[in-house]
Amino acid sequence: MKFSPRELSAVQRALRVWVSAGLLDEHQIDELVGCIKGTEWDWALLARYALWAASACLMISIGAIFADEWIWSLVRKISSAPHAVHAGVLSASSLLCLALIAYRLQKGSERTFRLEAAVFFAACLLASSIYPWKQALHMGDSYAVLFLGAAALYSAGALLLKSSTLWSFGLIASMCWWAAETGYGSGWGVHFWGMSYALRFLGWGAVTLAVISALEAIQPRHFTILSSRFSGLSSFFLSAWSLSMFGNASGALFAASKLELLVWSLFLAVASALGVLWGVRRKDDLTLGFGVVFFFLNLYTKYFEVFWNLLHKAAFFAVLAASLWGLGSCAERLLRPPRRPKLL
């Protein structure tokens, strides 16, 4: 059995733990070691990075097109076509790509990185059609329904193709719908029903996490759980961090009272601690990571707010360096496995 270098390292650590726990004897460990072989190169990692590089080169190529005067004049002629034509071509191209991908999957094709890159390209085509549809339908500021329609198409395609990429695009489109709908309802002001954008997305993240937790209780291995949890955690913690710095006050950016900022900072600290506790008990590394990151991010944000003008900059950065050094050293000791005789 062959493993990539990273996989082989994980297997070796697991064997050491099992041996130290007395779950394996020397004869069993010799048999397992004889079955394990490592590859010299992680080809899956190379494929992933190569396709990302290909996507970047494609974007550079498109950008280079506009640098050529002859091609640029041709683009200007094409762009003079009605918005309905642009929207129709982009939407049809996206749906055609997704139909071809569905056909290949139905014929038994494997889910390769190339196939995921094609799904990503089709999703981008559909996203780029939203603005032309807005212009073609003369929707003005009430264009939130377009994001809702895109979210529905992405979600339907994700469930049909079992694609986490399309599901992620659907989550992004639904968040754009929420922002546009509440923004239009407030007359594009700061508050909607007394809530700033940060507070609105704090609630959005909380609802997302509640829904995905209920789904996880029914279908623990559903392909939408990881991306949905990441979206909910990102929305919740980033919004809470923003509220801890700026509050929910209207008007000037720093108009919130110190008491309000203190309350939101305590809220973020408690939420981060609960995230750490949840992650440890449920063995949820994603929630644990968010909890740890935003706990220290909240702590260091308050440090900057309080001591930036109180301390000399040399002392300020010296204390900051010492604390970060201590934090890194503690993390390194926690990650370092105990010393044991080398088995492999």
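If you're wondering where the values come from, they're calculated on a predicted model, not measured in any experiment.

## Some points on the packing of aromatic side chains
Inference 1: Overall, the coordinates contain 22 aromatic pairs when judged by the stated rule.
Inference 2: Relative to F317, the ring of F316 has its centre 5.2 Å away and its plane inclined at 80°; by these criteria the two rings are edge-to-face.
Inference 3: Its relative accessible area of 0% is what places F316 among the buried residues.
Inference 4: Within the aromatic cluster, the residues linked to one another by ring pairs are F230, F236, F237, W264, F267, F290 and F294.
Inference 5: Across from the ring centre of Y197, 3.9 Å away, lies the NZ or CZ of R200, which sits over that ring.
Inference 6: In this arrangement the basic side chain of R282 is found over the ring face of W278, its NZ or CZ atom lying 4.3 Å from the centre.

## Some details on unusual backbone geometry
Inference 1: Notably, H138 is not glycine yet its phi reads approximately 50°, a positive angle.
Inference 2: Relative to the helices and strands, H138 resides in the loop between α7 (130–136) and α8 (144–161).
Inference 3: A residue is classified by how much of its surface remains accessible, and H138, at 71% relative accessible area, is exposed.
Inference 4: Unlike most non-glycine residues, W193 shows phi in positive territory, near 55°.
Inference 5: Inspection of the secondary structure puts W193 in the loop between α9 (164–185) and α10 (197–218).
Inference 6: The exposure class of W193 is exposed, given its relative accessible area of 76%.

## Regarding the confidence of the model for the protein
Inference 1: Confidence in the prediction of the protein, expressed as mean pLDDT, is 80, and 75% of residues score 70 or more.
Inference 2: Across residues 340–344, confidence stays below pLDDT 50; counting only partners more than four residues off in sequence or on other chains, it has 9 contacts.

## As for helix α6 (residues 113–128)
Inference 1: Across its 16 residues, α6 extends 23 Å between first and last C-alpha, which sits within 8% of the 22 Å expected from 1.5 Å per residue.
Inference 2: The set of residues buried in α6 consists of L115, V119, A122, A123, L125 and L126. Buried positions in α6, seen along its axis, are confined to an arc of 155° and lie on one side of it.
Inference 3: Elements in contact with the buried residues of α6: α5 (83–106), α7, α8 and α9.

## Here we look at the environment of L166
Inference 1: Mapped onto the elements of the fold, L166 is located in helix α9.
Inference 2: A relative accessible area of 0% means that L166 is categorised as buried.
Inference 3: The spatial distance from the C-alpha of L166 to the C-alpha of T224 is 9.9 Å, given a sequence separation of 58 residues.

## Some points on the pattern of salt bridges
Between side chains of opposite charge, a pair can form as their charged atoms come close.
Inference 1: Going through the model one piece at a time under the given rule, you end up with 3 salt bridges.
Inference 2: Across the salt bridge formed by D284 and R229, the nearest N and O atoms sit 3.7 Å from each other. With D284 in the loop between α12 (258–282) and α13 (285–307) and R229 in helix α11 (residues 225–246), this residue pair connects regions lying 55 residues apart in the sequence.

## Thoughts on the nonpolar core
Inference 1: The biggest cluster of nonpolar side chains holds 24 residues, and the ones touching the most others in it are L98, I101, Y154, L161 and L166.
Inference 2: Residue assignment for this core shows that the elements contributing at least two residues are α5, α6, α8 and α9.
Inference 3: In terms of residue count, α8 provides more of this core than any other element does, 8 residues in total.
Inference 4: Beyond its immediate stretch of four places on either side in the chain, L98 contacts A122, L161 and L166.
Inference 5: Grouped together as the second largest cluster of nonpolar side chains are 14 residues, L202, L209, F236 and L243 included.

## Description of the environment of L261
Inference 1: One can find L261 in helix α12.
Inference 2: L261 gets classed as buried once you look at its relative accessible area, which sits at 16%.
Inference 3: Among all residues touching L261, those that are not within four sequence positions of it are L243, S244, M245, F246, G247 and A256.

## Concerning the side chain of S163
Inference 1: Positionally, S163 belongs in the loop between α8 and α9.
Inference 2: Classification of S163 as buried rests on a relative accessible area of 1%.
Inference 3: When sequence neighbours within four positions are dropped, the list of residues in contact with S163 reads E116, V119, A158 and F223.

## Considering a nonpolar patch on the surface
Inference 1: Together, L259, L262, V263 and L266 make up an exposed nonpolar region whose accessible area comes to about 400 Å².
Inference 2: Here V263 shows up in helix α12.

## Looking at α9
Inference 1: Between its first and last C-alpha atoms α9 spans 31 Å; for 22 residues at 1.5 Å apiece the expected length is 32 Å, and the two agree.
Inference 2: When we look at burial in α9, the residues that qualify are T165, L166, W167, F169, G170, L171, A173, S174, A180, T182 and G183.
Inference 3: Next to the buried residues of α9 lie α5, α6, α8, α10 and α11.

What counts, and at which threshold
Residues numbered from 1 in each chain as written. Predicted model: local features only at pLDDT ≥ 70, side-chain atom pairs only at ≥ 80, totals over all residues. Heavy atoms only, no water. Phe/Tyr/Trp six-rings, centres within 6.5 Å; stacked < 30°, edge-to-face > 60°. Buried < 20%, exposed > 50% of the residue type's maximum accessible area, 1.4 Å probe, protein only. Lys NZ or Arg CZ within 6 Å of the ring centre and 35° of its normal. Helix = DSSP H or I, 4+ residues; strand = E, 2+ residues; numbered from the N terminus. pLDDT = per-residue confidence, 0-100. Contact = heavy atoms within 4.5 Å. Expected span 1.5 Å × (residues − 1). Arc of directions from axis to C-beta. Salt bridge = Lys/Arg side-chain N within 4 Å of Asp/Glu carboxyl O. Core = buried A, V, L, I, M, F, W, Y, C linked by side-chain atoms within 4.5 Å. Patch = residues over 30% accessible without salt bridge, like charges linked within 9 Å, V, L, I, M, F, W, Y side chains within 5 Å. Areas by Shrake-Rupley, 256 points an atom, 1.4 Å probe, with all protein chains shown as cover.

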